[in-house]
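The chain contents come next:
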Amino acid sequence: WQTLSDRINNVAPSATLAVDSKAKAMKAAGLDVIGFGAGEPNFPTPDYVVDAAAAACRDPKNYKYTPTPGLPELREVIASKTLRDSGFEVSADQVVVTNGGKQAVYSTFQVLLNDGDEVIIPTPYWTSYPEAVKLAGGKPVLVFAGGDRGFEPDLAALEAARTERTKAIIVNSPNNPTGAVWSPDTITAIGKWAVEHHIWIISDEIYEHLNYDDAKTTYIGAAVPECRDQLIILNGVAKTYAMPGWRVGWLVAPLPVAKAASKLQGHMTSNVANVSQRAALAAVAGPLDDVYAMREAFDVRRKAIVAALNDIDGVVCPTPTGAFYAFADVTGLLNRPLGEQGTVCASSSELAAALLDEAHVAAVPGEAFGAPGYLRFSYALADDQLAEGMRRFASWAN
Ligand code: PLP
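Residues numbered from 1 in each chain as written. Predicted model: local features only at pLDDT ≥ 70, side-chain atom pairs only at ≥ 80, totals over all residues.

An unreviewed UniProt entry lists the protein chain under the name Aminotransferase, with Bifidobacterium aerophilum given as the organism. In its Cofactor (unreviewed entry) section, the UniProt entry covering the protein chain states "pyridoxal 5'-phosphate". Of the protein chain, the UniProt comment under Sequence similarities (unreviewed entry) reads exactly: "Belongs to the class-I pyridoxal-phosphate-dependent aminotransferase family." (UniProt positions renumbered as here; feature names shortened; annotations may be inferred.)

Chemist: Which residues make up the sheet that holds strand β4 (residues 139–144), and what values go with them?
Modeler: Read from one edge of the open sheet, seven strands run β2-β8-β7-β6-β5-β3-β4, paired in mixed fashion. For this open sheet the edge positions go to β2 (95–98) and β4, each flanked by a neighbour on one side alone. Neighbour-to-neighbour, the strand axes of this sheet turn through a mean angle of 20°, independent of strand direction. Bridge analysis of β2 against strand β8 (residues 249–252) gives four bridges, and the strand direction is antiparallel. By the bridge assignment, valine 95 is partnered in β8 with valine 252. (Pairing = 2+ DSSP bridges. Helix = DSSP H or I, 4+ residues; strand = E, 2+ residues; numbered from the N terminus. Axes fitted to C-alpha atoms, helices over the stretch in contact; angles between N-to-C directions.)

Chemist: Break down the environment of leucine 386 for me, citing the residues and quoting the values.
Modeler: Along the polypeptide, leucine 386 turns up in helix α14 (residues 383–397). Overall, the presence of 22 C-beta atoms within 10 Å leaves leucine 386 in the buried class. Put simply, leucine 386 and leucine 231 are 155 residues apart on the chain and 38 Å apart in space, counted from C-alpha to C-alpha. Apart from residues no more than four positions distant in its own chain, leucine 386 is found in contact with Arg301, Ala304, Ile305, Tyr379 and Leu381. (Buried ≥ 20, exposed ≤ 12 C-beta atoms within 10 Å, placed from the backbone. Contact = placed C-beta atoms within 7 Å.)

Chemist: For the site of the ligand, give the residues involved together with the corresponding values.
Modeler: Not every one of the 13 residues close to the ligand is listed here, only the nearest: Gly100, Gly101, Lys102, Asn176 and Gly236. Of the residues forming the shell around the ligand, the biggest block, three residues, is contributed by helix α5 (residues 100–112). Residues that form the shell around the ligand fall into these classes: four nonpolar, seven polar and two charged. (Near = placed C-beta within 6 Å. Nonpolar A, V, L, I, M, F, W, Y, C, P; charged D, E, K, R; others polar.)

Chemist: Account for the sheet that holds strand β9 (residues 325–329), with residues named and values stated.
Modeler: To summarise the sheet geometry, strands pair through backbone hydrogen bonds and adopt either a parallel or an antiparallel arrangement. Sheet architecture is open: three strands sit in the order β9-β14-β13, paired in antiparallel fashion. Single-partner strands in this sheet number two, and they are β9 and β13 (364–365).

Chemist: Before we move on, could you go through the domain arrangement of the protein chain and cite the residues and values that matter?
Modeler: Taken domain by domain, the protein chain comprises domain 1 (6–44 + 290–397) and domain 2 (64–285). The gap between the C-alpha centroids of domain 1 and domain 2 is 26 Å. Looking at the side of domain 1 that touches domain 2, the elements with two or more residues in it are α2 (15–28), α12 (289–310) and β9. At seven residues, the largest contribution of residues to the side of domain 1 that touches domain 2 is made by α12. Within the side of domain 1 that touches domain 2, the residues separate by chemical class into 19 nonpolar, eight polar and eight charged. (Domains from an automatic or database assignment.)

Chemist: So what's going on with the UniProt feature "domain: Aminotransferase class I/classII large" (unreviewed entry) in the protein chain? Residues and values would help.
Modeler: UniProt's entry tags residues 32–392 with the feature "domain: Aminotransferase class I/classII large" (unreviewed entry), counted in the numbering of this structure. Each end of residues 32–392 is marked by a C-alpha atom, and these two atoms are 12 Å apart; helix forms 39% of the span and strand 16%.

Chemist: How would you explain the environment of alanine 52 if you had to name every residue and give the values?
Modeler: Relative to the helices and strands, alanine 52 is located in helix α3 (residues 47–57). Note on alanine 52: 20 C-beta atoms within 10 Å, which makes it buried. Along the chain, alanine 52 and arginine 278 lie 226 residues apart, while their C-alpha atoms are 6.8 Å from each other. Apart from residues no more than four positions distant in its own chain, alanine 52 is found in contact with Arg278, Ala279 and Ala282.

Below is the structure:
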């Protein structure tokens, strides 16, 4: 009875959360740690959202359960927002409100996969995708694209990975961890290829409004209308409205998939916290001004961090055009003495540990994203912190 299931033993802990919690624990112990680990904006949730939540707290109708797939009015505004951004009409019935985008990822694979079904995951990937696939009995099939091709998937490589068991592919652009915004050509090619081979497309659009320079998010359902019947969109309020702790995300899917996800949710969580849904309603129904303001601030930091990283001998960082991550190739720092103690690191994972222990700078090793040899730096932190963190990294490394 003491034995854990194979299912859970097979799952890796979330490395991004692990780095973040170690950094937070070091901070709590009084150490001055600079955290590039967390994937959360350092801005407060907008006032009008907090006000809506505070009012909701005072209204006893919100002390009840909501319908399992979410408040009807929230599902309506999500459907409207999907038309506005993702570029095609969906009904509120197709929306399921989940406990963060993370649960939307989990539920999607639970309802789509049978044992042994394969999911093609363009790599570097967001750390939870393969684990969510495995938890549903599926097999993650990783297809790597490096910094040399701007981290854009190569259609020929995707096709080479396709088998009879391929059930789905994940599209995540703007991308975590690379910050890449995939080109319209790449997204369109993936959409057409998926239609041709009857492969589900899971489009994680959570960073949709964070792009820089000339990059624009290409929405696969708009670019390839034929794919809409086999498309599941994942999204949430965490990044767009600076609301990670409120835990509201959603999926938008063809009706049978949405109904199945709702059935699952009925046994798992019943519904997302009512007050959080009220806050999300205010956010999604509101303007995008706050995310545009955040984007401006992130853009300044993006330029600063990319310049600082590339100034370090042994580090190469392509310029990201989306999300709030810089994904740097650090292979040039491996197998050579670093810092005052002359620490030698054989992998990016050892490097991240030494950087945190010795220089008190937290970054997530590429191993967490299927890409050893890289470190991910989230630049969702204050400008002075960013500058100080880069100063420490540079003086430790060189
Ligand atoms: N998808 C991607 C690519 C993410 O980076 C994240 C969060 O880091 C999520 C989904 C889920 O976010 P949340 O569960 O906070 O809504």
